[in-house]
Amino acid sequence: MLERILTPSPNWYCSRTSDTSSKGLLGFAGRNSVYLVDVTGPTPVFSGELAGHTDRVSGFTFCHHPAQEDLCVSCSDDGTVKIWDITSGSVVKEHQVHQNIISALHWSPLVKDLIISGDEKGIIICFWYNRNDTQQLFPEPRTIFCLSCSPHHEDHVAVGYKDGMIVLIDISRKGEVIHRLRGHNDEIHALSWCPLLQNEEALYSRQEEIPEAELNGEPAPESTTECYFLASGSRDQTIRIWNSNRGKGLMTLKLPFLKRRGGAIDTIGKERLWLTVHWPPGWPTQIVSSCFGGELLLWDLTKSGKQKWTLFGLSSEWQNHSRIAFSLCSLKMADGKELLFSTSMDRDVKCWDMQTLDCRWTMPTLGGYVYNLAFSPIDVGCLAVGVGDTMIRVWHTLSLHNKFEVKSFWQGIKGKVMALSWHPAREGFLAFGTDDGKVGIIDTYSNKLPQISSSYHKKSVYTVAWGPAIPPVSRGGDGDKPFVTLYSCAGEGIILQHNPWKLTVEAHDINKLIQDTNAIKYKLPLRSEFNWKPDGKVLAIGNEDGSIEIFNAPELKLLCTIQQHHKLVNAIRWHHDHGNQPELGYLIASGSVNAVIYVHNLQNVIENPPDTPALIPAPYRTLPGHTAKITSLAWSPHHDGRLVSASYDGTAQVWDVLKEEPLCNYRGHKGRLLCVRWSPVDPDSIWTGADDFTVHNWMVSKQEFTRPPKGKKQTELELKRNSQLKPKTKKKKRAVKEITRQDFTDSLNAEENPACANEMASEPEEEETEVQDQGSEVQQDAPMAASSSKAKSHIKHLPAVRIEQSVDEKKREKPDLFLKKRKSRSILPLSTALDHKLKEEMMQDCLTLTKVCYSKEPETVSKCIPGAGEYIHLGLFTDRAAVHRVIKEEGANHLENGHPDLFHHLMIWKGDLSGALKVASERGELTDYLVSLSSMAGYLVWVQTVEAFVKQLCFQEEYVKAACYLLAIQRVYAAVELLKSHQLYREAIVLAKARLLPEDPVLKDLYTTWAAVLEKGGHYYMAAKCYLGLDSPYDAAKVLSKKGDVASLKVAAEVALVAGEREQSAIFALRCAQELLSARDWLGAQEVLKHLESLLGQRLVFCTSELLSKHLIEGKIIVWPDTSPPQYHDWVTGKDLSFTDMLIEVWKKEFKLDSENARTALQQLNTVDYPPVTASTSSKQLLLYLSHDLTLAVLNCLKISWGDAIISLLHTVTRCFDIGNFELMQRIYKLALPKGPSYLLNKVDGQNTCSMAASESLNAFFYYGQLYEFWWNQSSVPCEFTTLPKQESCEQNHSSVAIETPEVIEAAADVKENTKAVSCSSTAGEMQMDIKEASRQQLLERVSQLENYKVLLSDLQAYIQSIQREIKDIQDSMVKMVLEHKKNLAAATQTRDLEEDKEGQTEDTKDSAKTEIDACLTPVDSCSSSSTGDFPSVASLTEALSELHKRMAEIPEDSKRFPFPDVLECCLVLLHIGSHHPFDLPADVQQLACDLLQKYGKTGTFLKARQRFFT
């Protein structure tokens, strides 16, 4: 269930996108949906969403007819008109008659089933949905902007057009035009009818203000007839009132230029104006309109002068919209109040009281992806929202008087806000990062502009966080060193440290400190995420290659590396350190692109830092389930080990990390989730943001689903997104000619709001961005450029077709070429043509030429200019100037007809080579021939020509040829950069290798860039070659390992080994061996590890695993899921030795193990710490963990370190115990200790308390297993005490053992049968004596065996376990009290809301209700003390809890360090055996069990069992 939501912004530049219903609902169009809000209360409440359109919703209105209030209609740019039932949210009817974008919509107020819509081409569709009939009207060939049905005549409709024309039509007469209302000269934004019929006398007082031209030259008549009045708002900054009966204008209202408080007149708003008007019902002489800057005006049509308008929101500042308003609608409430609702470009929906003209409430909306959410650690409940519309919202979620108390910040940001982080100690200080690489700090308690860091990232900032100062910032003086510093991580893969006190100082890259501290010489991976541990002592950094590095602050010493992910890490989060279990503070959760969440426990590494960086081999917990990449993680601050994750699969998942179980799954978003945060005040509340432009607040306990969907949600999400991206294609006969400037201007309104416009590309626009400080003229360039690029694309295709056709024609005409040689084109076609005329004209030319050459009359010479015009052909026979004129005109003719080569020839003949080169460069018509000739004009001209030719070749995509020309002018670096910039890396490397020095940094940059591109595209082998060419084998091996298969890991290990990177080789070899181990290929695993001495310990573990698996699999104790046959060594079989002896012999023979090697292997294995096992641990992992512990135990025995050997063996046993496999635990005992634990326990030093405690625990677990085995063998019926959890699980796991008939009973039964059948062999008395003697011996054996189980009855361990149970009971009681208190608070709040809504309530009733509510809102202590005794007080519970912790602290640490079987459970089992076999159980054992049970079994299951034994 959804608690609260921030919806997408209402769509811009539409005439009717919001409306109200008589049931108190406000509906508005946002992106592709319609959002419904309940406005009957003091604050708005989200009511639902109508989703079904695949493009921007351009119109919406309710049906206002009685009995049809649940119907509404919407239109969209996808060409559909849909009628909705708001109760079910489903589509009732729809039509797709429109062939163009729908721009206007209205439901007839008089005909209940008539819906009228208009589109951009001027077509109007009338739709009677009851009879499913449509009628198409085409009154004017203009673009429709708005329309409105008359509330007085069912057939009359007013239509407003883009050019300022308003037309009244009659739909009953096929759209016949009744009147054309002329007066506006720009777009009609809104039309609104007067709700009541009235005459013109009420408006005569304004008549003198109306120019005669406005009345079409006619004076106002004296009329007493009632008229239909219509109000119109236009972009020309005027509002006009029309008499629709006569089709004449009555008055013109000009918008006033309002001066904002504290500022000047908004000049931008004048240019970017949307003037909407609304005539409220019941207000026949007053209308509401918007103004330049988003202000709302109430116009009184009966007044004149400055009294004609009143400004809304004068009682206090900042009530009005800050930017232009688009839609107005009103609602009359049940109490008589009339409310007005407005939407604006400032993305706020406001509710106004029409009587007081004050704003009642403001509901903020969002205009972009929700990239980040952040709760303030000081002002609890203050939520910062980072949105892609270049704004930051700060939401006070705990506000009592306004659920949507949001403050927006946009000044100085100018970028998509992708990262947020509150200052940990300074209230109101918020750090942010944007998509353009900007990092800044904003004070949310002031109106100052944000402080921006002078150090910009090159790409989008993904993470900002506050952390402790590290060098060099931490080395400053006391006055220069801040308490915390700001860190930021961006897409280029670096983390910068900013000094918040000196943001103008250059930020520091922490990679330098990491390299200096850890002496790293290889290239560091690209950083993608980081997170500081809450105590500020440890930093976790996620990398692009999937690795996570853990550093110790402040010097950033590398502690360990986690190599679990293999793709880019998106999210890292440390567990909080204020839980009931402090050890959980070392948990770190991480998510990446591979959709799996891993949780690691780093307690051992952090508390005992290794000398060399450790490698974490396996995760502590694995949380699979999401089907797309993980984008955000958040730990619950109210629980231990509870995590919520957000994913691209469109869902948020809550996990119980300790149990590896999914708890609930939220699927309310319509897009991909980008961020998630757990509420700091409500343990049941979670906040999520997504790319559907919304923020959702939902409750964990109210979710229907438990785990993420299996791929279906992601598929539906992608299909939905793709369907929204399909542009509407229109049939065009001639694509090039139809692209006109008119088409460009038609799309201006859509371009200012890209997310609501038609999608013109294959990818969706991400945000509804709109520049704050630019006018509409600046924004007109974008659509024109886009359209012009489309025109160019069309034009480019046309010559290609013509060329193909010409080639085909040449092929067809090829035989003719052999018959006749084609004559070449004349270089002087104009003069040649004029020399082929009639004989008379030729003779006249001779006469004219003679006069020009020899006549001395100036009139004759001035009439004829040889070489120009009609006398161009005569220029060949006069002076040089005439020839130049011939060349000029002939050249211009060649250029006009597309023969630039002939023009160049003429210019060269003229001697103007520079001019020819200049023209060719400007027109992009340079050729190799011209470039070769350019050297004749000088060196400088030649270089300039080559440079111009290079640009031309790049435009023609001939990059290799362009590089060759750059080499001709000795621009080697430019040639290399040219090839590199166009991703011709192979050619660029060849050129650089051939022409540059080997140590030149350009060559290194080439290899690095190409490797990054190849790595991103998944070409790991080629990327590895690049790194090898770069002399970076470390990175080469790292890239090779990214695939993660056996072959790749093996090659990566060999590459690293050959290159001398032995540590890296060991990491990859170990991963490869583990993969082979999963396939039961022990031969291959040992082969991979044998070349690395540093992995001797792991080789011993694998050897132990091979021997152990053979024993366990053959005994069918564990089942290996893999079907492939195992690959064993020869030494696994064929020897009659014990397990440990055989293991030591193989080690010495096959691995040459001696005392020195054993010490080294022991040191290697002690650095590896595997996580505890759970029920979900696979058999393969369990076998590896057991083998590791057994290897440590045997190595410690060889070292004669008996205490450590016992501890390692105890770890092996407890893993079997934790997973609930008693049979495996017994088999481990028999393999490791064939003579029992006493052999090993006798060697322990009695002075070492730790070793003695471990010995007692190991001995206890041995006899614990023996006890249950004894019980199952002695009893033929199941145990009656089924309430014991351990007992149940044990019986279930060993049901086969319990069913078997005991050997003693079988022997006795056989003897009895033999005595009856064979009477001649011996007498019955002798047989009975033998049976009694055998029974007596068995009884003594059982008594002796039960005597040994006395070690399980430890009073100290029973005392410790009793305290632990009491602590858990107190914690459960406190949780129940908190839940009960929350329930009382919810009930009190609901009661208060109901009482406030009642009308006519007396003051006495209010006082009594307040008294009841105050009684419910008492603190937890008073609530619990006044209850019926269900819960003790908080104070008593806290005191009891502290006393228990004090008692626990008094117990020696060694006694608490190691696990011990449940003592009371053992007491019950022994007493149960004694009740069935009274003579078996010794009296002292029975008495001790009874004493312990009476002393500590005072609660729960043990209390019931004790009463059963002692009553």
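Further up the page is the structure itself.
Along every chain, residues carry numbers that run from 1 in the direction the sequence is written. It should be noted that, the model being predicted, local features are given only for residues of pLDDT at least 70 and side-chain atom pairs only at 80 or more, the latter also being counted only at that level, while totals for whole chains, interfaces and linings use all residues. Each side-chain value is derived from all of the structure's non-hydrogen atoms; neither hydrogens nor water enter the calculation.

### Some words on the packing of aromatic side chains
And step 1. Between 30 and 60 degrees the pair is tilted, below 30 it is stacked and above 60 it is edge-to-face, where a pair is any two Phe, Tyr or Trp rings, Trp via its six-membered ring, whose centres lie within 6.5 Å. For the coordinates displayed, the defined rule picks out 36 aromatic pairs.
And step 2. Seen in terms of ring centroids, Y1229 and F1262 are 5.1 Å apart; in terms of plane orientation they differ by 70 degrees. Their pairing is edge-to-face. Note that Y1229 is positioned in helix α33 (residues 1222–1232) and F1262 in helix α35 (residues 1249–1274), a separation of 33 residues in sequence.
And step 3. Partly exposed residues are those whose accessible area sits between 20% and 50% of the maximum for their type, while under 20% is buried and over 50% is exposed, using a 1.4 Å probe and protein chains only. A relative accessible area of 3% means that Y1229 is categorised as buried.
And step 4. Judged by relative accessible area, which is 13%, F1262 ranks as buried.
And step 5. A centroid spacing of 5.7 Å and a plane angle of 50 degrees characterise the contact between Y1268 and W1272, whose relative ring orientation is tilted. A run of DSSP states H or I qualifies as a helix once it reaches four residues; a run of E qualifies as a strand once it reaches two. Both are numbered from the N-terminal end.

### Some points on the nonpolar core
And step 1. With 159 residues, the main nonpolar core has F1102, L1108, W1147, L1195 and M1225 as its most contacted residues.
And step 2. The element contributing the most residues to this core is α35, with 14 residues.
And step 3. Excluding residues that lie within four positions of it along the chain, M1225 makes contacts with V1213, C1216, F1217, F1261, Y1264 and G1265.
And step 4. Counting 27 residues, the second largest nonpolar core, distinct from the first, contains C351, L383, V385 and F404. Remark: nonpolar core denotes a set of buried residues (Ala, Val, Leu, Ile, Met, Phe, Trp, Tyr, Cys) joined through side-chain atoms within 4.5 Å. Residues are treated as being in contact if the distance between any of their heavy atoms lies within 4.5 Å.

### A short note on the environment of I287
And step 1. Along the chain, I287 turns up in strand β23 (residues 286–290).
And step 2. Its relative accessible area of 0% is what places I287 among the buried residues.
And step 3. When neighbours within four sequence positions are excluded, I287 is seen to be in contact with I239, I241, L253, H278, W279, P280, L297, L298, W299 and L301.

### Details of the sheet that holds strand β57 (residues 695–699)
And step 1. Pairing in this open sheet of four strands is antiparallel, and the strands run β1-β57-β56-β55 from one edge to the other. A single partner strand is all that each edge strand has here, and the edge strands are β1 (2–6) and β55 (673–678). Mean inter-strand twist for the sheet, computed between neighbouring axes without regard to direction, equals 20 degrees.
And step 2. Any two strands are treated as partners once DSSP identifies two or more bridges connecting them. For β1 and β57, the ladder comprises four bridges, and the chain directions are antiparallel. Among the inter-strand pairings, I5 is bridged to a residue of β57, identified as H696. Angles run from 0 to 180 degrees between N-to-C directions of axes, and those axes are lines fitted to C-alpha atoms, restricted for helices to the stretch in contact.

### What about helix α24 (residues 1033–1040)?
Helical geometry note: an α-helix holds 3.6 residues per turn, so side chains three or four residues apart project in the same direction.
And step 1. The element α24 is largely enclosed, with a buried count of eight among its eight residues.
And step 2. Among the residues making up α24, those that are buried are P1033, Y1034, D1035, A1036, A1037, K1038, V1039 and L1040.
And step 3. Contacts from the buried residues of α24 go to α22 (1001–1016), α23 (1020–1029), α25 (1046–1058) and α26 (1062–1078).

### Considering the pattern of salt bridges
And step 1. Should a side-chain nitrogen of Lys or Arg be within 4 Å of a carboxyl oxygen of Asp or Glu, the pair is scored as a salt bridge. Under the definition given, this model contains 35 salt bridges.
And step 2. Here D1005 and K980 are joined by a salt bridge, their closest N and O atoms 2.3 Å apart. Of this pair, D1005 sits in helix α22 while K980 is found in helix α20 (residues 972–981), placing the two residues 25 residues apart along the sequence.
And step 3. Residue class for D1005 comes out partly exposed when judged on its relative accessible area of 34%.
And step 4. Accessibility expressed as a relative area gives 16% for K980, which makes it buried.
And step 5. K1090 is paired through a salt bridge with E1087; the nearest N and O atoms lie 2.8 Å apart.
And step 6. With a relative accessible area of 38%, E1087 lands in the partly exposed category.

### Quick notes on the packing of α23 against α24
When two helices pack together, their arrangement is captured by the angle between the axes and the distance separating the axes.
And step 1. Between α23 and α24, whose axes approach to 7 Å, the crossing angle comes to 175 degrees. In terms of their interaxial angle, α23 and α24 are classed as roughly antiparallel. Together, Y1020, Y1021, A1023, A1024, Y1027 and L1028 of α23 and P1033, D1035, A1036, V1039 and L1040 of α24 make up the contact between the two elements. Angle categories are assigned with fixed cut-offs, so that under 35 degrees is roughly parallel, over 145 is roughly antiparallel, 65 to 115 is roughly perpendicular, and the rest are oblique.

### Some thoughts on the side chain of S1048
And step 1. With respect to the secondary-structure elements, S1048 resides in helix α25.
And step 2. Counted as a polar contact is a pair of N or O atoms within 3.5 Å, where, for protein atoms, one must be capable of donating a hydrogen and the other of accepting one, and residues adjacent in sequence contribute only when both atoms are in side chains. Polar contacts involving the side chain of S1048 include one to the side chain of Y1021, which spans 3.4 Å.
And step 3. Ignoring anything within four residues of it in the chain, the contact list for S1048 reads Y1021, L1040 and K1043.

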